[in-house]
Number of protein chains: 4
Amino acid sequence: MASKVKRGRHFLHVPGPSNVPDRVLAAMSNPVIDHRSQDFFDLVKHITAGMARIFRTKGPVAIYPSSGTGAWETALLNTLSPGDKVLAFESGQFATLWKVMADKHGLKIDFIPGDWRHPLDPAEIERRLTADKGHEIKAVLIVHSETSTGVLNDVPAVRKAMDAAKHPALLMVDAISSLGVHEYRHDDWGVDVTICGSQKGLMLPPGLGYNAISAKALEAHKKAKLPRAYFEWDPMVDANGTGSYPYTPAISMFLASKESIAMMEEEGLENIVARHERMAEATRRAVRHWGLEILCQDPKAYANALTAIMVPEGVNADQLRATILENYDVSLGAGLGKVAGKVFRIGHLGWMNELMVVGGIAGIELGLGLAGVKHKAGGVQAAVDYFGGNTAGHGR
Amino acid sequence: MASKVKRGRHFLHVPGPSNVPDRVLAAMSNPVIDHRSQDFFDLVKHITAGMARIFRTKGPVAIYPSSGTGAWETALLNTLSPGDKVLAFESGQFATLWKVMADKHGLKIDFIPGDWRHPLDPAEIERRLTADKGHEIKAVLIVHSETSTGVLNDVPAVRKAMDAAKHPALLMVDAISSLGVHEYRHDDWGVDVTICGSQKGLMLPPGLGYNAISAKALEAHKKAKLPRAYFEWDPMVDANGTGSYPYTPAISMFLASKESIAMMEEEGLENIVARHERMAEATRRAVRHWGLEILCQDPKAYANALTAIMVPEGVNADQLRATILENYDVSLGAGLGKVAGKVFRIGHLGWMNELMVVGGIAGIELGLGLAGVKHKAGGVQAAVDYFGGNTAGHGR
Amino acid sequence: MASKVKRGRHFLHVPGPSNVPDRVLAAMSNPVIDHRSQDFFDLVKHITAGMARIFRTKGPVAIYPSSGTGAWETALLNTLSPGDKVLAFESGQFATLWKVMADKHGLKIDFIPGDWRHPLDPAEIERRLTADKGHEIKAVLIVHSETSTGVLNDVPAVRKAMDAAKHPALLMVDAISSLGVHEYRHDDWGVDVTICGSQKGLMLPPGLGYNAISAKALEAHKKAKLPRAYFEWDPMVDANGTGSYPYTPAISMFLASKESIAMMEEEGLENIVARHERMAEATRRAVRHWGLEILCQDPKAYANALTAIMVPEGVNADQLRATILENYDVSLGAGLGKVAGKVFRIGHLGWMNELMVVGGIAGIELGLGLAGVKHKAGGVQAAVDYFGGNTAGHGR
Amino acid sequence: MASKVKRGRHFLHVPGPSNVPDRVLAAMSNPVIDHRSQDFFDLVKHITAGMARIFRTKGPVAIYPSSGTGAWETALLNTLSPGDKVLAFESGQFATLWKVMADKHGLKIDFIPGDWRHPLDPAEIERRLTADKGHEIKAVLIVHSETSTGVLNDVPAVRKAMDAAKHPALLMVDAISSLGVHEYRHDDWGVDVTICGSQKGLMLPPGLGYNAISAKALEAHKKAKLPRAYFEWDPMVDANGTGSYPYTPAISMFLASKESIAMMEEEGLENIVARHERMAEATRRAVRHWGLEILCQDPKAYANALTAIMVPEGVNADQLRATILENYDVSLGAGLGKVAGKVFRIGHLGWMNELMVVGGIAGIELGLGLAGVKHKAGGVQAAVDYFGGNTAGHGR
């Protein structure tokens with residue numbers, strides 16, 4: 001269903017792709033340049049260095065023309081060998097897809113089941129790693145912010161569990177919807193490979209996949225036997241120093257990336273995190289006011305990139321989304337996998353501010369009304385009041 | 001004061017310039033072409049024809065690289081002679097500025113005083129014209145939608161009054177903030193010169209000024225002796241047929257204009273008018289909920305391009321606007337002329353939809369709170385509820 | 001006739017509008033902002049200061065949404081009174097149009113005839129001013145680079161002549177196609193008003209008109225009685241200090257202008273002048289090689305913005321231009337006024353480099369062939385050889 | 001070495017990325033949209049259908065966020081199993097890199113040696129296939145236009161040889177620098193997988209990789225055991241019908257692609273081929289005039305996307321390229337692999353016309369002079385004269 005709304009801005013509230021700033025779009029519209037020129041080498045070095053600051057790593061960052069899915073595969077192919085065992089946690093649809101991908105490459109996945117409503121239990125990770133006396137598990141795969149559920153897993157706690165188990169497995173983290181949204185510290189947290197994509201907190205169009213790589217991961221890479229070519233790390237690691245790519249990179253995206261890194265550093269990473277916390281909490285206030293249920297049942301594990309909302313029994317979440325899109329031109333994320341039709345997701349990440357969030361929430365509340373979904377009106381004001389610090393005692 | 005808000009869209013709620021659609025900006029960013037090429041001649045003819053449909057006239061449309069102010073001057077210079085008498089009505093600051101301009105050109109203005117809070121009285125127009133037995137008054141100057149006050153004057157009623165008085169004066173109407181906002185009919189309403197600018201309902205950047213011209217105005221033009229060159233109509237009238245300009249026109253604006261005309265016709269002029277009515281009414285609901293006073297005291301004369309709001313005694317409207325801009329990145333219009341500091345103006349015109357309006361209103365409500373201006377919270381929800389048709393009985 | 005060429009860049013070789021750099025187009029495509037915000041005030045101050053450096057003046061620069069024609073009128077209206085006498089020189093079509101404009105405003109023009117092929121004679125200026133014992137002549141109007149003929153007038157020599165005659169007239173100079181092309185020094189050369197437009201050496205789209213204003217001109221302005229409103233200097237002079245405009249300025253053009261000023265200062269004004277000299281000389285070498293005649297008969301007075309070329313007897317220059325456009329997608333300037341059909345003009349100004357010039361010349365040479373115009377092939381190589389410094393002895 | 005040239009267009013004459021048309025860049029700068037919206041599904045279907053017309057196939061086209069290198073890997077992974085034998089021909093550096101990639105995936109490559117200066121010999125293909133009685137060879141890999149050498153291989157002749165040998169191997173063709181340049185017919189020529197990238201004849205930025213897929217290839221795919229995930233065909237084949245992607249696609253590139261397909265079909269594929277033939281031949285005329293040697297020694301096998309040129313003994317081709325870039329802002333391709341330093345490559349593909357080619361050739365000739373490389377001046381004119389049909393008898 002396309003929108004009947006013919007005028008004014010679309011409200012893009014899927015949890016990725018996120019809104020791309022005008023400055024970034026303008027930068028991207030510049031002419032393509034020779035990727036074997038010194039100008040482009042300098043640009044690549046500028047961007048790998050900038051992305052390293054954003055990942056908070058001193059190590060290299062490999063950047064591919066790909067999606068985040070490609071960046072998952074890159075992490076696996078470059079560090080593991082056929083038959084290797086990996087430990088993963090079913091935090092939601094994306095964790096499941098990553099697991100399926102590992103299966104396809106002949107890895108053996110110990111997949112800790114999850115209910116999609118709670119974060120992983122670090123104690124369970126510790127238990128399983130401690131039990132793995134022979135250190136057969138070569139890697140632990142964690143999705144930091146699960147984009148299908150809005151649940152945030154605690155990466156430092158996983159690191160701690162791995163250390164407590166004295167286990168040498170690599171720690172690989174999907175930070176696709178957490179980088180540029182939540183605090184993220186590749187080096188301090190002892191992450192070996194961080195996976196990311198361009199189209200969420202980085203405020204770029206989709207089209208780039210990233211791996212931030214630890215020294216330990218580079219060491220593992222030497223022995224990794226999964227066959228690979230396009231996603232080989234070596235030339236990309238070299239590109240951090242030389243700026244030279246083994247094949248034609250996505251040049252326009254690099255032009256765009258320079259601008260988005262500048263914008264992120266103008267705002268400051270800490271401020272970005274605080275802003276996302278504010279946008280997300282306002283959204284949750286609206287949802288609670290409506291009387292709808294947030295999928296994530298652990299408030300300490302709320303992801304700030306998106307909020308996944310359960311619709312009441314008997315309501316089709318996809319029809320609701322269609323109504324909202326058609327009448328108010330707000331794009332929302334569908335429920336995926338086992339929550340399909342039961343959940344919709346509001347993205348509030350990236351180039352996003354208070355008033356954009358209020359607009360999006362208004363579109364949803366109006367759509368709930370149009371679709372006849374039982375709810376308590378006033379969620380928009382609840383969000384506004386939260387932003388105004390005026391949240392006590394108003395009985396709406 | 002610049003905004004502290006570092007991320008996400010600016011909410012541009014001045015009553016012009018209005019938001020320019022991305023499609024229009026993209027069109028404008030195309031390379032400049034030769035203005036003496038057939039391609040450009042075709043473009044000019046396409047645009048003059050399209051603008052004639054928007055003005056609802058069969059006559060020519062003259063388009064200048066200028067602001068709306070320049071288009072006022074164009075109307076005067078091309079139809080009047082030094083010492084000519086004109087009748088005008090003080091609807092607000094822009095009517096006053098037009099009058100001052102007429103003074104500078106040696107015209108004698110009979111300026112009917114107004115309180116800036118009510119529309120003109122057609123009976124008064126009729127009275128003065130009837131009294132002008134010698135037909136010394138050569139033109140009646142009306143601002144259709146007074147951008148400084150948010151008061152709409154009734155153009156068809158003025159026409160009727162002129163007809164009743166059997167007076168041959170030209171009728172000149174400033175439709176700068178009404179074209180593409182309110183119903184407007186140059187031919188049916190018997191307007192002789194309609195003045196417009198690009199940066200309001202036409203969804204373009206500022207930079208073009210327009211005159212739609214009746215046959216009677218063209219007749220008057222032959223005897224008009226005010227000196228003019230740049231703003232001479234003749235070559236511009238010719239350009240409607242040939243596409244050829246007497247000097248280098250604002251080429252990029254013509255590229256943009258093609259796209260904005262297409263967008264207006266995709267939506268449909270009637271739908272545009274209905275949409276603006278809806279945006280404006282939602283805004284007024286919020287204002288009333290807050291307990292603030294709308295400058296316009298006649299609900300039948302509300303302009304739908306903007307709402308001018310009086311701040312309570314003791315509040316400086318400009319400081320309030322600065323607080324809102326700084327903290328929520330909403331641009332609002334200042335009070336002008338005799339309401340400076342006492343009024344602020346919310347623009348809700350052009351490329352604007354429900355959710356953009358809700359966002360802007362939220363920014364204002366939050367700013368009222370921050371600035372300590374007494375108001376009843378809940379205006380945002382009042383606007384949302386109006387959009388949802390859910391406006392009865394809720395006592396917020 | 002539109003071009004049959006369907007692929008690749010258009011070669012825009014009219015003598016204005018000139019090619020707008022991609023950087024400038026990208027800047028112009030940014031969202032429109034509030035013209036009454038501090039951000040915009042800062043932008044205006046940045047641009048008036050930058051333009052003053054380009055005009056090489058310490059005085060104010062008035063910038064209007066208009067064409068260069070509007071900027072001519074601005075200069076006249078703000079300094080003169082009805083019936084004032086001015087001295088002007090018929091350097092070509094544009095000088096003639098400026099003269100006609102002055103006529104329309106009731107000025108009395110002493111128009112020194114010219115043959116369009118030679119620059120003005122400063123001695124004649126001196127003679128006439130010396131003869132004007134009563135100092136009835138209030139202004140001398142000079143077109144620095146006559147865009148219709150490619151003849152450059154010597155402004156410092158005019159200044160010297162005026163000084164020798166001890167005449168107090170204002171010196172007004174049209175630098176529309178010389179600013180950003182030839183050396184230009186508003187203050188050092190004692191110019192009182194310099195007129196410019198955005199679409200030539202300044203590398204912007206058309207849409208802005210400029211006046212650089214001396215203290216003496218400001219003094220004259222106080223007594224100037226020509227009626228004016230839109231083009232009044234006072235608020236524009238104030239805008240140099242405050243950034244505030246009396247009406248909605250062409251905001252997108254200001255965004256673009258920031259970028260073009262930056263590019264001009266990155267290259268350096270002296271380098272810009274040297275580059276234009278090089279482009280122009282290469283073009284003239286090609287023309288001479290073809291055996292065609294350059295309109296300007298005085299090599300010391302060649303304008304470097306364009307070259308006007310006479311076609312052989314019996315050839316229609318406009319048909320030739322159509323052939324070139326249709327087959328090679330090169331836009332060329334028509335002969336204007338009394339050289340219509342007999343002359344075509346090659347623009348080589350603005351964002352232009354050696355290889356663009358070679359491409360344009362190639363299109364012309366190929367068109368000469370297609371149109372059956374007698375010429376000696378090899379003009380392209382003559383231009384290339386000139387660029388390569390390899391111009392001796394090759395007998396082609 | 002960056003360019004000292006500060007003004008005017010860069011002349012991008014690498015053989016990819018090619019110049020992206022302004023229309024395409026403007027389309028790409030539009031806001032990102034939800035990739036799970038009907039609007040996007042419609043866009044994907046529009047583009048897969050359009051690309052199928054360009055590949056001249058009725059079968060599906062898989063489009064990945066990747067480079068052409070990724071599209072090579074996609075073709076291999078989806079059709080072959082570990083240990084499979086493939087036959088390939090060493091046409092140059094890219095054929096060699098593809099071979100190395102196949103090695104990495106455990107394929108056994110029978111690599112027919114080539115001297116990089118001649119096209120493959122279809123008889124040799126036929127010989128080897130005929131000898132392969134057991135049909136162990138599962139695929140024949142051909143680079144249609146070898147971008148490193150400028151040699152074109154004869155795909156229909158390869159097909160004929162395969163048919164003559166009655167061999168069931170798949171035919172896979174790299175058309176990266178031939179699609180949109182030379183005639184290409186996926187279906188008629190019996191190609192099973194055609195590989196392409198966005199940044200050459202398709203006039204897009206780099207960032208998309210393509211596979212056009214025959215029914216026979218889809219059949220082979222069912223049994224193909226090379227591990228794969230990101231590059232799996234199945235969901236991409238489905239996307240031809242549904243428009244739905246398995247992961248976030250490169251949305252901005254799809255916006256751009258719509259425009260580039262439109263431009264290609266406006267020109268017509270036959271006209272595009274004829275145009276490239278013309279651009280290429282003009283370039284070769286210039287090279288021959290200079291007295292330099294074209295790498296490709298078989299005139300029937302000249303690629304029209306680029307010309308690879310050998311520099312005289314003692315000249316470093318990379319220093320020459322640096323001189324040309326620095327002084328004339330022309331980007332040229334380096335010699336790759338075994339011709340590094342000995343060859344430079346002129347790209348004349350994509351959004352390219354006669355005058356752009358003349359400009360690029362002029363930059364090279366001027367650079368040859370500056371670098372002191374022995375050559376006969378006049379190559380620019382030779383190219384111009386070829387375009388003008390005036391190529392007989394001039395002894396330059």
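Residues numbered from 1 in each chain as written. Chains lettered and ligands numbered in written order. Predicted model: local features only at pLDDT ≥ 70, side-chain atom pairs only at ≥ 80, totals over all residues. Heavy atoms only, no water.

Here we look at the interface of chain B and chain C
No. 1: Between chain B and chain C, the residue contacts involve 48 residues of the former and 48 residues of the latter.
No. 2: For the pair chain B and chain C, the summed buried area comes to about 3,600 Å², and 67% of that belongs to carbon and sulfur atoms.
No. 3: Across the contact surface, chain B and chain C share zero salt bridges.
No. 4: Taken together, chain B and chain C are joined by eight residue pairs in polar contact (both at pLDDT 80 or more).
No. 5: For the side of chain B that touches chain C, the secondary structure elements donating two or more residues are helix H1 (22-28), helix H2 (38-55), helix H3 (68-79), helix H4 (93-104), helix H9 (251-267) and strand S13 (330-334) of chain B. (Contact = heavy atoms within 4.5 Å. Buried area = accessible area lost by both parts, 1.4 Å probe. Salt bridge = Lys/Arg side-chain N within 4 Å of Asp/Glu carboxyl O. Polar contact = N/O pair within 3.5 Å; in protein donor to acceptor, adjacent residues only side chain to side chain. Helix = DSSP H or I, 4+ residues; strand = E, 2+ residues; numbered from the N terminus.)

A look at unusual backbone geometry
No. 1: Look at the link from Gly16 of chain B to Pro17 of chain B: it is a cis peptide, with omega at 5°.
No. 2: On the secondary structure map, Pro17 of chain B appears in the loop between strand S1 (11-13) and H1.
No. 3: Notably, Trp116 of chain A is not glycine yet its phi reads approximately 70°, a positive angle.
No. 4: Relative to the assigned elements, Trp116 of chain A resides in the loop between strand S4 (108-112) and helix H5 (122-131).

A few points about the packing of helix H10 (residues 269-290) of chain D against helix H12 (residues 354-370) of chain D
All names here are of chain D.
No. 1: Remark: H10 packs on H12, axes separated minimally by 10 Å, with the N-to-C direction vectors making an angle of 20°. Considered as vectors, H10 and H12 are oriented roughly parallel to each other. Both H10 and H12 take part in a crossing whose hand is right-handed. Contact residues: H10 offers Arg278, Met279, Ala282, Thr283, Ala286 and Trp290, while H12 offers Glu354, Val357, Ile361, Ile364, Glu365 and Leu368.
No. 2: For the contact of H10 with H12, the residue count by class is eight nonpolar, one polar and three charged. (Axes fitted to C-alpha atoms, helices over the stretch in contact; angles between N-to-C directions. Parallel < 35°, antiparallel > 145°, perpendicular 65-115°, else oblique. Left-handed = near helix turned anticlockwise from the far one by under 90°. Nonpolar A, V, L, I, M, F, W, Y, C, P; charged D, E, K, R; others polar.)

Side note on the sheet that holds strand S3 (residues 85-89) of chain C
Paired through backbone hydrogen bonds, the strands of a sheet run either parallel or antiparallel to each other.
Residue and element names in this part refer to chain C.
No. 1: Sheet architecture is open: seven strands sit in the order S2-S10-S9-S8-S5-S3-S4, paired in mixed fashion. Looking along the sheet, the strands with just one partner apiece sit at the ends: strand S2 (61-65) and strand S4 (108-112). Mean inter-strand twist for the sheet, computed between neighbouring axes without regard to direction, equals 20°.
No. 2: Where S3 lies against S4, five bridges are found, and the strand directions are parallel. The residue bridging Ala88 from the neighbouring strand is Phe111, located in S4.
No. 3: Here helix H3 (residues 68-79) sits on the sheet and contacts S2, strand S5 (137-143), strand S8 (170-174), strand S9 (193-197) and strand S10 (208-213); the angle it forms with S9, its principal contact strand, is near 160°. (Pairing = 2+ DSSP bridges.)

Section: the relation of the copies chain B and chain C
No. 1: It takes a turn of 180° to lay chain B on chain C, together with a shift of 0.0 Å along the axis; the resulting RMSD is 0.0 Å. These values place the two chain copies in the arrangement generated by a two-fold rotation axis.
No. 2: A share of 100% of the interface residues of chain B reappears at the interface of chain C, consistent with the copies meeting face to face through the same patch. (Least-squares fit on C-alpha atoms with pLDDT ≥ 70 in both.)

Thoughts on the relation of the copies chain D and chain A
No. 1: Screw-axis analysis of chain D against chain A gives a translation of 0.0 Å along the axis, an RMSD of 0.0 Å, and a rotation angle of 180°.
No. 2: Here 100% of the interface residues in chain D have copies in chain A that are interface residues too; the copies meet face to matching face.

Examining the packing of H2 of chain B against helix H8 (residues 234-242) of chain B
Residues and elements named next belong to chain B.
No. 1: Direction vectors running N to C along H2 and H8 enclose 105°, while the axes themselves pass 7 Å from each other. The orientation of H2 relative to H8 falls into the category roughly perpendicular. Along the contact surface, H2 presents Phe41, Val44, Lys45 and Thr48, while H8 presents Ala239, Asn240, Gly241 and Thr242.
No. 2: Counted by class, the contact of H2 with H8 contains three nonpolar, four polar and one charged residues.

Observations concerning the sheet that holds strand S13 (residues 330-334) of chain A
All names here are of chain A.
No. 1: The strand order across the open sheet built from five strands is S1-S13-S14-S12-S11, with neighbouring strands paired in mixed fashion. Two strands lie at the open edges of the sheet, namely strand S1 (11-13) and strand S11 (293-294), each paired on one side alone.
No. 2: Bridging between S11 and strand S12 (residues 306-310) involves two bridges; their strand directions are antiparallel. Note on S12: the bridge partner recorded for Glu293 is Met310.
No. 3: Sheet strands in contact with helix H12 (residues 354-370) are S1, S13 and strand S14 (343-347), and its direction is about 85° off that of S1.

Quick look at helix H6 (residues 155-164) of chain C
All names here are of chain C.
No. 1: By the burial criterion, the buried members of H6 are Val155, Ala157, Val158, Arg159, Ala161 and Met162.
No. 2: Its side-chain oxygen placed 3.1 Å from the backbone nitrogen of Ala157, Asp154 serves as the N-cap of H6.
No. 3: Backbone geometry just after H6 places Lys166 at a positive phi near 50°. (Buried < 20%, exposed > 50% of the residue type's maximum accessible area, 1.4 Å probe, protein only.)

Topic: helix H8 (residues 234-242) of chain D
Residue and element names in this part refer to chain D.
No. 1: Listed as buried for H8 are Met236, Ala239 and Asn240. Down the axis of H8, the sector holding all buried residues measures 110°, keeping them to one side.
No. 2: Check the buried side of H8 and you find it contacts helix H2 (38-55) and strand S2 (61-65).
No. 3: One or two steps after H8, the chain reaches Gly243, where phi turns positive at roughly 80°. (Arc of directions from axis to C-beta.)

Notes on the interface of chain D and chain A
No. 1: Listed per partner, the contact involves 48 residues of chain D and 48 residues of chain A.
No. 2: Contact between chain D and chain A buries roughly 3,600 Å² in total, counting both sides, with carbon and sulfur atoms accounting for 67%.
No. 3: Counting every contact that joins chain D to chain A gives eight residue pairs in polar contact (both at pLDDT 80 or more).
No. 4: Within the residue set of the side of chain D that touches chain A, elements represented by two or more residues are helix H1 (22-28), H2, helix H3 (68-77), helix H4 (93-104), helix H9 (251-267) and strand S13 (330-334) of chain D.
No. 5: Per-element accounting of the side of chain D that touches chain A gives the leading share, three residues, to H3 of chain D.

Focus on the confidence of the model for chain A
Residue and element names in this part refer to chain A.
No. 1: Residues with a pLDDT of 70 or more make up 98% of chain A, whose mean pLDDT is 96.
No. 2: Segment residues 392-396 is flagged for pLDDT under 50; beyond a separation of four residues in sequence, or across chains, it makes seven contacts in the model.
No. 3: For this predicted complex, the interface confidence comes out at an ipTM of 0.95, alongside a pTM of 0.96. (pLDDT = per-residue confidence, 0-100.)

Some details on the pairing of strand S3 (residues 85-89) of chain B
No. 1: For S3 of chain B, the buried fraction is high: four of the five residues fall into the buried class.
No. 2: Running through H4 of chain B, the crossover from S3 of chain B to the neighbouring parallel element strand S4 (residues 108-112) of chain B is right-handed. (Right-handed = clockwise from strand over helix to strand, strands pointing away.)

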